[in-house]
Amino acid sequence: MALGDTIFRLSFCEGTSVLLRQTCRDRVGVCLQRCRNGMAFAAGFSQLKTQSRAFSAKKKSKMANRNILKTDIVYVAMSGGVDSSVAAMLARERSANIIGIYMSNWSMPVTAPEDIETRYPSWALRRPEKLEQYLKEKAERDRSALKAAANCCETDWNDVQKVAEQLNIPVIRLSFEKDYWLEVFEPMISEYSNGHTPNPDVNCNRYIKFGKLYDTVRQMAHATDVQRWWLITGHYAKIVLDDDSRLRIARPVDRSKDQTFYLSTVPSERLEHVQFPLGDYTKDQVREMAKSMNLVTAHRPDSHGLCFVSPTTGAEAAAQAVQDGVPIPKPNRYSQFRDFLNEFIEPQPGNIVTTEGEVVGQHNGLWHATIGQRSGITLPQGNPKYKGVWYVVDKDQRKNELIIDRGKDSDFAYSTHIICGFLHWHGQKVSPEVLKQFIEKGTLKLQYRSLQEPINVTGVEVLTNLMSDNKTFYKFELEKPSYGVALGQFCVIYNNDLILCAGPIRDRVTLYNVSRNQELNDAVSTSQTDTVSP
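Residues numbered from 1 in each chain as written. Predicted model: local features only at pLDDT ≥ 70, side-chain atom pairs only at ≥ 80, totals over all residues. Heavy atoms only, no water.

With that out of the way, let us pick up the confidence of the model for the chain. The share of residues in the chain with pLDDT of 70 or more is 71%, and the mean pLDDT across the chain is 81. Contacts for the low-pLDDT stretch residues 1-21, under 50 throughout, to residues beyond four places or in other chains number two contacts. (pLDDT = per-residue confidence, 0-100. Contact = heavy atoms within 4.5 Å.)

And the structure:
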């Protein structure tokens, strides 16, 4: 071997050795850095898990603090129905200090039915031989309704006392008639007078049950030596903690009895002392619990609407009917809700017109109908132009006209957008950007009637009305056109099962508006094309 070859190979080996040593050092450095990064990640992940556990523990602790203790004082709002009776029973199992409260909100005398001007059905007017029988039956129904309306509070109060005696708890009766009249009834009458369709139950919960009653109960509790107090109702709803540890109202287990719609404007800060024990039960389970405890209200039918308009059968009559194996009787009531409204609103006669502007009848006030319901008038069925069932599809307040169309597929009756004003935010106000994030996730829902299938919201726009003191309105785009949206109804917005906000509907965009705008745009485009054509 030549000396040069030997030197070259030694140099090569040394270089290779150096290269290998450098490569090893680099790889070891990379491994060490990765290790450090991994340790940092592990530490960060561990810290995140710790924070998550701490947050979860905080939520559990806060919810645990809402457990009713034996020493707590509990006030139960009792209406005489099976739901509030079972709510009181469940509370009785937790605390030794239970007080039932019955609210008497109505004893206003009503006008005698014979003094109310009423429109009679066209079929009765066309058949004189049946008109007399119809009038006789109607008079009996109205007399019974008058008596039932006057006695509804007393019937409920009697049932409340019976349940309180069974549970061995004291019960008191409070009157909030003035508050109910000012905060619920008068605004309802005002809305109807303007041709709107309000929901008085929403305001009743906000201003009476969780307003005046809540304030009264708080004063009563502070007058005692007890540190913790609760107001319990029989609503089907839940109170949960959101991601920011704020108390929020959420949908119940039994979606068929979901009452969150009516609780949508209750201030979230008032939930700290409120409980809804029925939120984890179904209606059938509640009935069974009432039967197992032999509560007198176990068979009493559910109430619907205002008790002084649509009274409910009392517990004794309902139990007797079940024992006899016969249907539970339904108290006679006003034949139409508008008959009740006629006692408080002066007639405002106007025309009933078709969507084409043809006058086909008269009404006594825009409150006599709501969008989506049958018009109540019969048009000549022998004429193909009028044949079919006609529905109320719009109201023209300026002209005082009810607008009707044939069939339920009218573009006037279906809304693509809903515009709400005066939103009551449940918890912290959410920005439009966050609302749009909910839309992207598909979690933003809307309801304008209780118990309806929630509607997906696909767009939101914030509007400022310069003609109304710069008040803010929200325009919600619906995933699909919805039937029977009426001004004055409450619009409730949910993020999944949590209430976000709610407010009255102040305007709507119909399929007709959309198609009409498209026609106008097409006409403008055609006109511009014609202008530039050679």
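Our focus in this paragraph is the sheet that holds strand β8 (residues 350-354). Sheet architecture is open: four strands sit in the order β9-β8-β11-β10, paired in mixed fashion. If you trace the sheet from one side to the other, it starts and ends with β9 (359-363) and β10 (390-396), each paired once. For this sheet, the mean angle separating the axes of adjacent strands, direction not counted, is 30 degrees. Judged from the six bridges that link them, β10 and strand β11 (residues 401-406) form a sheet pairing that is antiparallel. Directly across from Lys-395, in β11, lies its bridge partner Leu-402. (Pairing = 2+ DSSP bridges. Helix = DSSP H or I, 4+ residues; strand = E, 2+ residues; numbered from the N terminus. Axes fitted to C-alpha atoms, helices over the stretch in contact; angles between N-to-C directions.)

Before going further, it helps to examine helix α7 (residues 283-292). Of the residues making up α7, those classed as buried are Lys-283, Val-286, Arg-287, Met-289 and Ala-290. Buried residues of α7, viewed axially, fall in a sector of 160 degrees; they line one side. Counted as exposed and oriented over 90 degrees from the buried face of α7: Asp-284 and Ser-292. Considering only its buried residues, α7 is in contact with α2 (82-94). Of the residues flanking the end of α7, it is Asn-294, one or two places downstream, whose phi is positive at about 55 degrees. (Buried < 20%, exposed > 50% of the residue type's maximum accessible area, 1.4 Å probe, protein only. Arc of directions from axis to C-beta.)

To continue, consider helix α5 (residues 177-193). Considering bend angle alone, the principal kink of α5 is centred on Phe-185 and spans about 35 degrees; proline Pro-187 follows within four residues of it. All of the buried residues in α5 are Tyr-180, Val-184, Phe-185, Met-188, Ile-189, Glu-191 and Tyr-192. Those residues of α5 that are buried are in contact with α6 (200-222), α9 (337-341) and β18 (498-510). Just downstream of α5 lies Gly-195, where phi reads positive at about 85 degrees. (Bend = angle between axes of the 7 residues up to and from the residue.)

Before going further, it helps to examine the nonpolar core. Tyr-75, Leu-213, Trp-229, Leu-231, Ile-249 and Phe-276 are the most contacted members of the largest nonpolar core, which has 44 residues in total. Counting residues per element, this core draws most heavily on α6, at eight residues. Contacts of Leu-231, omitting those with residues within four sequence positions, involve Tyr-75, Ala-77, Lys-209, Phe-210, Leu-213, Tyr-214, Val-217, His-273, Val-274 and Gln-275. Listed in part, the 30 residues of the second largest apolar core include Val-76, Ala-87, Leu-90 and Ile-169. (Core = buried A, V, L, I, M, F, W, Y, C linked by side-chain atoms within 4.5 Å.)

As a further point, take the sheet that holds strand β4 (residues 229-232). In sheet architecture, strand pairing relies on hydrogen bonds along the backbone and comes in two forms, parallel and antiparallel. Taken in spatial order, the five strands make up an open sheet running β3-β2-β1-β4-β7, and their pairing is parallel. Each edge of the sheet is formed by a strand with only one pairing partner; in this case those strands are β3 (171-175) and β7 (274-275). Across five bridges, the pairing between strand β2 (residues 97-104) and β3 is parallel. The partner of Ser-104 across the bridge, within β3, is Ser-175.

With that out of the way, let us pick up the packing of aromatic side chains. One pass over the structure, following the stated rule, counts 13 aromatic pairs. Seen from their ring centres, Phe-210 and Phe-276 are 6.1 Å apart, and the 90 degrees between their planes marks the pair as edge-to-face. Placement of the pair is Phe-210 in helix α6 and Phe-276 in the loop between β7 and α7, with a sequence separation of 66 residues. Across this residue pair, the class does not change: Phe-210 and Phe-276 are buried. An aromatic cluster is present here, built from Trp-181, Phe-185 and Phe-344 joined pairwise through their rings. One cation-aromatic arrangement involves Arg-251 over Tyr-494; the distance from NZ or CZ to the ring centre is 3.7 Å. (Phe/Tyr/Trp six-rings, centres within 6.5 Å; stacked < 30°, edge-to-face > 60°. Lys NZ or Arg CZ within 6 Å of the ring centre and 35° of its normal.)

All chains considered together, the criterion is met by 20 salt bridges. One salt bridge in this structure joins Arg-506 and Glu-191, with 3.5 Å as the shortest N-O distance. Placement of Arg-506 in strand β18 and of Glu-191 in helix α5 is noted, with a sequence separation of 315 residues between them. With a relative accessible area of 28%, Arg-506 lands in the partly exposed category. Relative accessible area serves as the criterion here: at 17%, Glu-191 is assigned to the buried category. Where Lys-238 meets Asp-280, a salt bridge forms, and the shortest distance between an N and an O atom there is 3.2 Å. Here the residue Lys-238 occupies a position in strand β5 (residues 238-241), and Asp-280 occupies one in the loop between β7 and α7, the gap between them amounting to 42 residues. Note on Lys-238: relative accessible area 26%, which makes it partly exposed. (Salt bridge = Lys/Arg side-chain N within 4 Å of Asp/Glu carboxyl O.)

All right, on to unusual backbone geometry then. Trans peptide bonds make up most of the peptide bonds, and negative phi angles are found at most residues other than glycine. Positive phi values are uncommon outside glycine, yet Asn-294 reaches one of about 55 degrees. Residue position: Asn-294 is located in the loop between α7 and α8 (315-324). Phi is positive for Asn-496, which is not a glycine, with a value near 55 degrees. Structurally, Asn-496 can be placed in the loop between β17 (490-495) and β18.

The next point concerns the pairing of β9. Direction of pairing for β8 relative to β9: antiparallel, over a ladder of four bridges. Bridged to Val-353 within β9 is Val-359. Count of turn residues in the β8/β9 antiparallel hairpin: four residues, of which Gly-357 carries a positive phi of about 95 degrees.

Here the focus is the pairing of β5. Looking along a regular strand, one sees the side chains alternate between the two faces of the sheet. Of the two faces of β5, only the one carrying Ile-239 and Leu-241 is buried; Lys-238 and Val-240 on the other face are not. Two strands pair when backbone bridges link them, and β5 and strand β6 (residues 247-250) are joined in this way by four bridges, in the antiparallel orientation. Paired with Lys-238 across the strands is Ala-250, a residue of β6. Hairpin remark: β5 followed by β6, antiparallel, with five residues in the connecting loop; positive phi at Ser-245, about 60 degrees.

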